[in-house]
Amino acid sequence: MDRDIDSNEQESLTKHPIHYYEDGTIAFRAENTIFKVYKNILVRRSSVIRDMLSVPQPPSPTTTTMDSSDDPTPSRRTSSQDTFEGVPLITLHDTASDFASALDLIYPQSMTTAPPSLHTLTGLIRICNKYIIDDIRTWAIAQLESVLPLSADNIAKLDVYATSPVVPARVIALARECDLPQFLPLAFYALSTVAWPFPPDPDALAVFHELAPSDLVRVDFGRMELQRVVLARAVGLPENGMTEERCVRCSKGRPGIWLDTKERWTQLLQHPIEELNARLRWSYPALCSNTCQVTLYDATRTLRDELIGQLPAIFKLT
């Protein structure tokens, strides 16, 4: 026998402002938000939800739930199914914002060209991966690839990681959970080089619980290995002031071109890819254009690209 949840519990729940359709045929609860949607549309998009709703009801007094830590199939069905305002009610262990983001694309209210936020994209990928909503998952991954750095071609997008360790840590957790290895090398690099505030941000500390212990070790190991690799290569570059190499054309040489050599070395060791990328944008009027400048740019670009290529080995991802 079906039963509506009691009035006291209903008072603690909020109907979603968009995805609560009065003529909907099934309701979902995520956190304290109720969504009432059209079952026939939803089951066409998600094979997991279709299978979940088609499982016969065994005798059990508990409510239908899905746990994000378990296999994404119905863990419990009820012999007395909970309902909300007359339709079956399914409880999900997902955030309301993530579930709403998926419903925004399944039940669109309008056409929009505004790019989704990084937070929205990661939530979309996670929930579409769990419920096997393949078309939205593919679209969201492509959007994320346009936002995050993946190679030397879009390395300027490292800036998205610069504000907080929370961002790269969450990208690593997402990549591990949803099998997206293309995001790992530069996310590990960013997490190992980003500046931490002190005292630490509670959100930054909390997100580390989402990472496996082996990945936390990778961050620390990779930071030290990265500095070793950079130091070994950078010592031989004349512009870093560690050699007496001279240009055979202008005889000016490249040592001493930095106004603050200490700062350049600091940035090179702490943020090597960003520092090398910045050097490629700078001009060097004190150097001859035909030899010194060309050699400097070529060597800098080569070192940057090789470092990016070595990140999987540096962070033991292969």
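Predicted model, so just to flag it, every value in this text is computed and none were measured.

A. Quick look at the overall build of the protein. Each helix and strand counted, the protein has 13 helices and seven strands in total. Burial status across the protein gives 44% buried among its 318 residues. Considering only residue pairs separated by 6 or more positions, the protein has 61% of its internal contacts joining residues 24 or more positions apart. When the accessible area of the protein is evaluated, it comes to approximately 16,300 Å², of which 55% is carbon and sulfur surface.

B. Representation of helix H8 (residues 184-193) within the structure. In terms of residue burial, H8 counts as a mostly covered element, since ten of its ten residues are buried. Residues of H8 that are buried include every one of Leu184, Pro185, Leu186, Ala187, Phe188, Tyr189, Ala190, Leu191, Ser192 and Thr193, and no others. In this structure, the buried residues of H8 make contact with helix H7 (166-178), helix H10 (213-234), helix H11 (261-270), helix H12 (272-281) and helix H13 (289-314).

C. Spatial organisation of unusual backbone geometry. One non-glycine residue, Glu85, adopts positive backbone phi at about 50°. Within the secondary structure, Glu85 is located in the loop between strand S6 (82-84) and strand S7 (87-92). Relative accessible area serves as the criterion here: at 35%, Glu85 is assigned to the partly exposed category. The backbone phi angle of Asp179 is positive, close to 55°, even though this residue is not glycine. With respect to the secondary-structure elements, Asp179 resides in the loop between H7 and H8.

D. Seen up close, the pairing of S7. With respect to burial, S7 is a largely interior element, five of its six residues being buried. Relative to S7, strand S3 (residues 26-30) is paired through four bridges, and the arrangement is parallel. Bridging across to S7, Arg29 finds its partner in Thr91. Relative to S7, S6 is paired through two bridges, and the arrangement is antiparallel. Within S7, the position partnered with Phe84 by the bridge is Val87. The hairpin turn running from S6 into S7, its antiparallel successor, is two residues long, and Glu85 in that turn takes a positive phi close to 50°.

E. Looking closely at the packing of aromatic side chains. Per the counting criterion, the structure on display carries seven aromatic pairs. A ring pair is formed by Phe35 and Phe99, whose centres lie 5.1 Å apart and whose planes are at 80°; its orientation type is edge-to-face. With Phe35 in strand S4 (residues 33-37) and Phe99 in helix H4 (residues 96-106), this pair connects stretches of sequence that are 64 residues apart. A residue is classified by how much of its surface remains accessible, and Phe35, at 0% relative accessible area, is buried. Joined through ring pairs, the aromatic side chains of Tyr21, Tyr38 and Tyr107 make up one cluster.

F. Looking closely at the packing of helix H5 (residues 118-131) against helix H6 (residues 134-147). Interhelical geometry of H5 versus H6 gives an angle of 145° and a closest axis separation of 9 Å. In terms of crossing hand, the pair formed by H5 and H6 is left-handed. For the pair H5 and H6, contact is made by Leu118, Leu121, Thr122, Leu124, Ile125, Cys128 and Asn129 and by Ile136, Arg137, Trp139, Ala140, Ile141, Gln143, Leu144 and Val147, respectively.

G. Structural detail: H11. Along H11, the residues classified as buried are Arg264, Trp265 and Leu268. On an axial view of H11, the arc spanned by its buried residues comes to 95°, and they lie on one face. Check the buried side of H11 and you find it contacts H10 and H12.

H. Layout of the side chain of Thr122. As for its placement among the helices and strands, Thr122 is situated in helix H5. Among the polar contacts made by the side chain of Thr122, one reaches the main-chain carbonyl oxygen of His119 at a distance of 2.9 Å. Beyond its immediate sequence surroundings of up to four residues, Thr122 is in contact with Leu144 and Leu174.

Thresholds, definitions, all that
- Residues numbered from 1 in each chain as written.
- Predicted model: local features only at pLDDT ≥ 70, side-chain atom pairs only at ≥ 80, totals over all residues.
- Heavy atoms only, no water.
- Helix = DSSP H or I, 4+ residues; strand = E, 2+ residues; numbered from the N terminus.
- Buried < 20%, exposed > 50% of the residue type's maximum accessible area, 1.4 Å probe, protein only.
- Contact = heavy atoms within 4.5 Å.
- Areas by Shrake-Rupley, 256 points an atom, 1.4 Å probe, with all protein chains shown as cover.
- Pairing = 2+ DSSP bridges.
- Phe/Tyr/Trp six-rings, centres within 6.5 Å; stacked < 30°, edge-to-face > 60°.
- Axes fitted to C-alpha atoms, helices over the stretch in contact; angles between N-to-C directions.
- Left-handed = near helix turned anticlockwise from the far one by under 90°.
- Arc of directions from axis to C-beta.
- Polar contact = N/O pair within 3.5 Å; in protein donor to acceptor, adjacent residues only side chain to side chain.

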